[in-house]
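# Inside the fold
Each chain, letter by letter, is given below.
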Amino acid sequence: MGISCSQMSSSGQYSYSYIFKYIIIGDMGVGKSCLLHQFTEQKFMPDCPHTIGVEFGTRIIEVHGEKIKLQIWDTAGQERFRAVTRSYYRGAAGALMVYDITRRSTYNHLSSWLTDTKNLTNPNTVIFLIGNKMDLEGSRDVRYDEAKKFAEENDLIFVEASAMTGENVEQAFLETAKKIYQNIKDGKLNANMTESGVQHKERGGPASLGDSSSSDKPNCSC
Amino acid sequence: MNSVQKLLSSDETIISSHEVSLVQGWMRSSKHLIILEKNRDLRGLLVVSETVDYALPIDSDFKFDVDSESKSKNVGDVFISISYQKQKLLFEMLPPSKANTFINELLRAMEYQSRRKTAGDYSWLKKYSKKTDLSLENQGVVMDASKLLLDYNEHIPRHSVARGAMQPVAARDSVIKYQMGMMEDQYTYTQGIQIFIGTWNVNGQSPSCSLSDWLSITTDPPHVYAIGFQELDLSKEAFLLNETPKEGEWLRAVTKSLHPGAVYKEICLVRLVGMMLIVFVEENLAQRVDHVVCDTVGTGFMGKFGNKGGVAIRMDLEMTSLCFVNSHLAAHTEEYERRNQDFHVIASSISFNGFLPPKSIKDHDQIYWLGDLNYRITDLDLMRVKNLINQGQYETVLEHDQLKRQHDLGHVFSGYKEGPIHFRPTYKYDVGTDEWDSSEKARAPAWCDRVLYRGEDIKQLVDYKSIPSLKISDHKPVIALFNSDIRIIDMNKYRKKLEEVMKRLDKVENEFLPQVMVDMNDFNFDTLRFLEAQSKTLIIANTGQVPVRFEFIKKCDDSNYCKDWLRIEPYTGFIDPGDKCDVKLVVYVDKRCASKINSGQDKISDILVLHLEGGKDLFITVQGTYERSVFGCSIETLVHLNVPLREISPDKLKELERSRDSSSVSTYSVPKEIWFLVDHLYRNGLKQQNLFEHPGLPSEVLLIRNWLDTGSTDPIPGSVHSVAESLLLLLESTAEPLIPYNLHEACLTASTSYLQCKQIISSLPLHSKNVYLYLCSFLQELLSHSDENGLDGKTIATLFGQIFLRDSPRSRNDPSARERVNQTKARKKASFVYHFLVNDFSDLISPVHVS
Ligand SMILES: Nc1nc2c(ncn2[C@@H]2O[C@H](COP(=O)(O)OP(=O)(O)OP(=O)(O)O)[C@@H](O)[C@H]2O)c(=O)[nH]1
Ligand SMILES: [Mg+2]
């Protein structure tokens, strides 16, 4: 007895059909790496070192019954790396812009992060604003409604989340994917252009990890 | 490959080979598949890594499936699974684009073997590898995916991964399917279903009576009916045109007489001339039927007409594949060998399309073979047969049954079983009676109509019998009832398992991303000086599970992966897990980059991007403080410097460099540094052999550098050669050559005319002109001593041509600037300068005033 070839071979039944590229940006220490870790490993890293470079993580999710592979780039937040990390924005389908609700300065810098994002990504890149560390209500330094207002003014989707408790983390990543998916379905995004940050699997099909010709993994900082 | 080549006998050749990766658990490793041919006859398949892992005969036990994620479009990944005697290996074809050729060869090999009448001797394959057992336990790899899920760490062959021999699998459909297949037991269960097989040679009659006695005799309604007819229509039309009204008549009769306890759906009807097979499945179960395909084969007149032969239907019922074959084999008592042959032709010719490779009868979990097989009773007196049968002593008669005998001898239906026969022979009766054939021919009774089966999980129920009450034909219909287990997916469990597998693959992918640690992210070099290299070591340790290829990569707008004052050795490399790599970072400010640092256009500060192939990037910061030097200063700056360079602030220097003011009143008409050096050579070097040709000592050049930068009052240190070299270096380190780039074209054009050359020089910015003429005067003086120093004008002109008219760094990198072009250019530069070595140009000189 065995699963015969025929029984399960309808194309793309299990594996993902899209790849979305995300970037996570924001000031240092706001919790970008913790958010990524929480999303990929469902764990909190209390002593997360500063990211000096660009970390990379993947996860396959499902949106409207379609499997999507998220390819997430977590950038260094330190100001001195700003010039270098800018080269990672290109071709992002989604940008998670993070600030720390307990540190006002990280909120104040959002406009500069937003400028970079708008300048360096395509017009359809979905920008999602995350106010992180919502578990630290006692030390709150940025009110929810003012951030909400900022988000509305700039056409961003917004949640407060906690990389520690995991609250709203999954939601932020998934909502972004849904929005991107919607953009594809609406014809706003062309899945065949590299700038879109979206790859449709039919297009040659990404090769596997460890295969140098592969397209479903990071390759160049440009 | 080599190991195979060595073992090839002279009559063995490699037909085709392909690079693959073998999927084992969550890992994959790279292999080659090789198809071998011996004697232009037998073929075998080898699975090869460094040595041969498996040597498999491509015989009747060999099976393979192609699983391409987009079969039609010929792109995407191609996986093939090869099974041999129930064991299975999954291979990913690399690259997929070339897989077709290999797969076609494999198909041909299988097709060829299926046409063979006898089994081949495959012992020749043993010399490659004795292993034909595909179980991977032999290789220390546990295949049980369920265990892998529970206890991941224990079963990952980490040492193999570390060696790079294995890599984690990727989330591909085929891989997931394979993983799911490995733990089928965990989300499937078996369910017994009742399968009703009926066969009847109706001798061309129409259904003039109800068939309920035949088709509706069980208490519970069967789940599946497969009903076969032979000699449905004996007319010429049916034979020649394969068209007959009988098809519809019998279909209606059958449909009416199915068990009334259930509603049935007709799944498929297939007919070839008089052979017809219909499959019905109980309505609810019918939804789980998939991939229904049928095929027919004629073995009658001329070996191919449809008066004899077989028709077949295959389908998947949930996870179990079923195949039903209805055949009418050759007639006449003595023709049992023809019957055997017919069987083999049907078994090997029936081919179900829609699969790659097409499936044949044997590729099914359960096979039910029914029909008028036409085997007779031999070597027994007719009267005795009849007597024994009347006494119910079927066993004695059955000993003379040709089918039993041929089956026992292994000549036909090997692997098939048949239930015990407790019923009267089904042939040959006088129509309308239960009496044996009373015609002239008085044919002997025989069990012509039979049902055999093959496969696990099939239980023959006691009901294997004929139905005497149906008398319209000279044959009696036969039924065989089976209770067969089919495997059913528990969708809830299945989804859960699938989720687990997906999660695991995600995890494997993240866990097997390349990981490294660096001992330092920040490198600080203090007190860097011109021409003094300093190096530090960056240690990259592979702390991950997989081998890492690293490379320092360019940032977006940069032309190189690091600044030109930095060297990274090696800038790319490969590190095994647990290993490390020392990377040397060498900072060296030389004549190419000094001016940019002096002017502030560049500084000793760079962020390197260390990229891990297939993974993350790390940033490495390199910084340093540079002790500025007159090397790299422009002529304009130097003439304005009335104190040693060290005594002015870096900002002041930057300001000077940025303004490069040639008009304002300067302290000197030529830079004092140049004057010092030239003056020294004038005093000490005029008679020196090979001046400017002989290199100086690097250590002395550094001393001279310090002497100039600090404005020392000591005598100039070092030999005249070192002083000469320092002079050249000073001229070469400026941002622009003495004759600015924008005039170079004009200079080359003018090189044949002294007058034009003079015009260009007179148009130079004041300080450049002064320095140029000053140096040329000195060179004229030098050449006037050629008797002693052995220098000649041509050599000096060539050397200084390259310095005064130095190419821009950009053109030096230009690959289109070919050798010959460069030579011509060099010659023209030399002629340009040469004019000023042999002519009196005092008319160009404005008075030099050194204060
Ligand atoms: N209480 C609380 N602490 C958090 C949360 N998220 C992150 N932290 C902590 O904040 C610190 C910084 O988190 P990181 O994820 O390293 O921040 P980052 O944005 O990646 O910083 P850079 O890599 O320097 O850009 C860590 O010590 C975390 O433990 C959160 O949701 N709640
Ligand atoms: Mg970080």
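Look up a bit, the structure's there.
So, a few notes on the structure that sits alongside this text.

What counts, and at which threshold
Each chain carries its own residue numbering, running from 1 in the direction its sequence is written. As they are written, the chains are lettered A onward and the ligands numbered 1 onward, keeping that order. Given that this is a predicted model, residues contribute local features only at a pLDDT of at least 70 and side-chain atom pairs are listed and counted only at 80 or more, while totals for whole chains, interfaces and linings are drawn from all residues. Calculation of side-chain values draws on the structure's entire complement of heavy atoms; hydrogens and water are dropped beforehand. Comment: elements are numbered from the N terminus, with helices defined as DSSP H or I runs of at least four residues and strands as E runs of at least two. Contacts are assigned to residue pairs that have any heavy atoms within 4.5 Å of one another. Note on areas: Shrake-Rupley, 1.4 Å probe, and residue coverage restricted to the protein chains presented here. Coordinating donors are taken to be N, O and S atoms lying within 2.8 Å of the metal, or within 3.2 Å when the metal is Na, K or Ca; because water is excluded from the atom set, some sites may appear incomplete. The criterion for an aromatic pair is that two Phe, Tyr or Trp rings (for Trp, the six-membered ring) have centres within 6.5 Å, with stacked assigned to planes under 30 degrees apart, edge-to-face to planes over 60 apart and tilted to the rest. A simple rule labels every residue: compare its accessible area, found with a 1.4 Å probe on the protein chains alone, to the largest value its type can have, and call it buried under 20%, exposed over 50%, or partly exposed in between. Here, over-ring charges are defined by two tests on the NZ atom of lysine or the CZ atom of arginine: distance to the ring centre within 6 Å, and angle to the ring normal within 35 degrees. Note on pairing: two strands pair once DSSP finds at least 2 bridges between them. The convention used is that axes are lines fitted to C-alpha atoms, helices contributing only their stretch in contact, and that angles between N-to-C directions extend from 0 to 180 degrees. Only a single heavy atom is needed: when it lies within 4 Å of a molecule or strand, its residue is near that molecule or strand. For the purposes of these results, a polar contact is taken to be a pair of N or O atoms within 3.5 Å, where, inside protein, one atom must be able to donate a hydrogen and its partner to accept one; residues adjacent in sequence count only when each atom of the pair is a side-chain atom. In this classification, the charged set is Asp, Glu, Lys and Arg, the nonpolar set is Ala, Val, Leu, Ile, Met, Phe, Trp, Tyr, Cys and Pro, and all remaining amino acids, among them Gly, are polar. All tallies of charge rest on Lys and Arg as positive and Asp and Glu as negative; His and the ends of each chain are not included. Here, a salt bridge means any side-chain nitrogen of Lys or Arg that lies within 4 Å of a carboxyl oxygen of Asp or Glu. The set of buried Ala, Val, Leu, Ile, Met, Phe, Trp, Tyr and Cys residues whose side-chain atoms join them within 4.5 Å is what this entry labels a nonpolar core.

### Section: the overall build of chain A
The secondary structure content of chain A amounts to six helices and seven strands. When the helices and strands of chain A are listed from N to C terminus, the series reads β-α-β-β-α-β-α-α-β-α-β-α-β. A separation threshold of at least 6 residues defines the contact pool for chain A, and within that pool the share at least 24 residues apart is 73%. When the accessible surface of chain A is totalled, it reaches about 8,800 Å², and 48% of it is carbon and sulfur.

### Section: the coordination of the magnesium ion (ligand 2)
Taken together, A:Ser33 (OG) and A:Thr51 (OG1) make up the full set of protein donors to the magnesium ion (ligand 2), lying 1.9 to 2.0 Å away. Placement of A:Ser33 in helix H1 (residues 32-41) and of A:Thr51 in the loop between H1 and strand S2 (53-63) is noted, with a sequence separation of 18 residues between them.

### Focus on the packing of aromatic side chains
Tallying each qualifying case throughout the model produces 44 aromatic pairs over all chains. Centre to centre, the rings of A:Tyr22 and A:Phe173 are 6.1 Å apart; their planes meet at 15°, and the pair counts as stacked. Pair noted here: A:Tyr22 is in strand S1 (residues 18-25) and A:Phe173 is in helix H6 (residues 169-185), with a separation of 151 residues, a long-range link. A:Phe173 sits in the buried class, given a relative accessible area of 0%. Put simply, the rings of B:Phe692, B:Tyr754, B:Tyr772, B:Phe800, B:Phe804, B:Phe832, B:Phe836 and B:Phe841 touch in pairs and so form one group of aromatic residues. We note B:Lys359 situated over the ring of B:Phe355; from NZ or CZ to the ring centre the distance is 5.3 Å.

### Quick word on the environment of B:Cys757
All names here are of chain B. Within the secondary structure, Cys757 is located in helix H23 (residues 754-762). Judged by relative accessible area, which is 0%, Cys757 ranks as buried. Distance from Cys757 to Phe832, taken between C-alpha atoms, is 6.6 Å for residues 75 residues apart in sequence. If we skip the residues at most four places from it in the chain, Cys757 touches Ala750, Ser751, Phe832, His835 and Phe836.

### Notes on the sheet that holds strand S19 (residues 449-455) of chain B
Residues and elements named next belong to chain B. Strand order across the open sheet formed by five strands is S13-S14-S15-S18-S19, with mixed pairing between neighbours. Only two strands of the sheet have a single partner each, and these edge strands are strand S13 (289-298) and S19. Geometrically, the sheet is characterised by an average inter-axis angle of 15° between neighbouring strands, direction not taken into account. Pairing between strand S15 (residues 320-328) and strand S18 (residues 366-372): seven bridges, direction parallel. Residue His328 lies in a different strand from S18, and its bridge partner there is Asp372. Lying on the sheet, helix H11 (residues 336-349) is in contact with S13, strand S14 (309-317), S15 and S18; it crosses S13 at an angle near 140°.

### What about the site of ligand 1?
All names here are of chain A. Within the structure, ligand 1 sits among 24 residues, and Lys32, Pro46, His50, Thr51 and Asp135 are positioned closest to it. Between ligand 1 and Thr51 there is a distance of 2.7 Å, counted from an oxygen atom to a backbone nitrogen or oxygen. A distance of 3.1 Å separates a nitrogen atom of ligand 1 from a polar side-chain atom of Asn132. Summarising the interface, the protein chains cover 89% of the accessible area of ligand 1, which totals 650 Å² for the free molecule. Ranked by the residues each element gives to the shell around ligand 1, the list is headed by H1, at three residues. When its residues are assigned to classes, the shell around ligand 1 shows twelve nonpolar, eight polar and four charged.

### As for the side chain of B:Asp430
Residue and element names in this part refer to chain B. Looking at where Asp430 falls in the secondary structure, it is placed in the loop between helix H14 (402-408) and S19. For the buried Asp430, which has no salt bridge, the nearest side chain bearing the opposite charge is Lys428, at an N-O separation of 7.3 Å. Here the side chain of Asp430 touches Ser438 through a polar contact of 2.5 Å, side chain to side chain. Ignoring sequence-local partners within four residues, the contact set of Asp430 consists of Glu435, Trp436, Asp437, Ser438 and Ser439.

### So, the nonpolar core
All names here are of chain B. Counting 97 residues, the largest nonpolar core has Phe550, Phe552, Phe692, Tyr772, Phe804, Phe832 and Phe836 as the members making the most contacts within it. For this core, the element with the highest residue contribution is helix H24 (residues 766-783), accounting for nine residues. In this structure, Phe552 is in contact with Leu538, Tyr561, Ile568, Pro570, Tyr571, Val583, Leu608, Val609, Leu610 and Ile620, ignoring residues within four places of it in sequence. In this structure, Val270, Leu388, Ile421 and Ala480 belong to the second largest nonpolar core, which totals 49 residues.

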